[in-house]
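One-letter residues, chain by chain:
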Amino acid sequence: MPLKGEYEPSTAQFVRDQVELYESSGGAQGTTLGVLVTREEDEKLEDVPVVILTTLGAKSGKIRKSPLIRVEHDGNYAVVASAGGAPKHPVWYHNAVADPRVELQDGPMRQDMLAREVTGNEKAVWWARAVEAFPPYAEYQRNTDREIPVFVLEPAAQEH
């Protein structure tokens, strides 16, 4: 069930560079993203593990790729539509809502998945895991009026 279509790289240079390095190395390089992390006592750049989420553009119909913070628990994954606490959801959020078929690349592992937005207790559990993986998520939520969505990624049934 791999996504089919023409790949259209992001308009953001750092995203294009990250995806290119990640994919051209087979997931051996580009698996972390330098993120500026602010804590009460200081501000520093930390390397945070990332995965590549591939979606089908809701408007363009083209393949889109986004490096996102790696949130994994017991072989299951979640992706957080934080957009750094911006007032609007990231574009990939709308893509996953319109077509939940996605691909996840975590290092060399690539897998067809289905994205399912979670709510209630399930969201609370995954949100806690996400904040543990990347503490700035808590600040992002405080800085925006919107509720930051979380998707759980589940393996897609293999077509025969």
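Structure's up top.
Predicted model only: the values in this text are computed from it and were never measured. (Residues numbered from 1 in each chain as written. Predicted model: local features only at pLDDT ≥ 70, side-chain atom pairs only at ≥ 80, totals over all residues. Heavy atoms only, no water.)

Some details on the environment of Thr119
Relative to the helices and strands, Thr119 resides in the loop between β7 (109–117) and α3 (120–133). The exposure class of Thr119 is exposed, given its relative accessible area of 59%. Each C-alpha atom, one on Thr119 and one on Ala138, is 17 Å from the other, the two residues being 19 residues apart in sequence. (Helix = DSSP H or I, 4+ residues; strand = E, 2+ residues; numbered from the N terminus. Buried < 20%, exposed > 50% of the residue type's maximum accessible area, 1.4 Å probe, protein only.)

With respect to the side chain of Gln18
One can find Gln18 in helix α1 (residues 13–24). Reaching out from Gln18, the side chain makes a polar contact with the backbone oxygen of Thr32 at a distance of 3.0 Å. Once residues lying within four places of it in the same chain are set aside, the contact partners of Gln18 are Gly30, Thr31, Thr32, Leu33, Val50 and Pro67. (Polar contact = N/O pair within 3.5 Å; in protein donor to acceptor, adjacent residues only side chain to side chain. Contact = heavy atoms within 4.5 Å.)

A closer look at the nonpolar core
With 23 residues, the main nonpolar core has Ile69, Val80, Trp127, Phe134, Tyr137 and Val150 as its most contacted residues. Counting only elements with at least two residues in this core, the list comes to α1, β1 (32–38), β2 (43–56), β5 (76–80), α3, α4 (136–142) and β8 (150–155). The leading source of residues in this core is α3, at four residues. Ile69 has contacts with Val48, Pro49, Val50, Val51, Ala78, Phe134 and Tyr137, leaving out every residue within four places of it along the chain. In terms of nonpolar packing, the next biggest core, distinct from the first, is built from 15 residues, Val79, Ala81, Ala96 and Phe151 among them. (Core = buried A, V, L, I, M, F, W, Y, C linked by side-chain atoms within 4.5 Å.)

Keep in mind that these numbers describe shape and distance, not what the molecule does.
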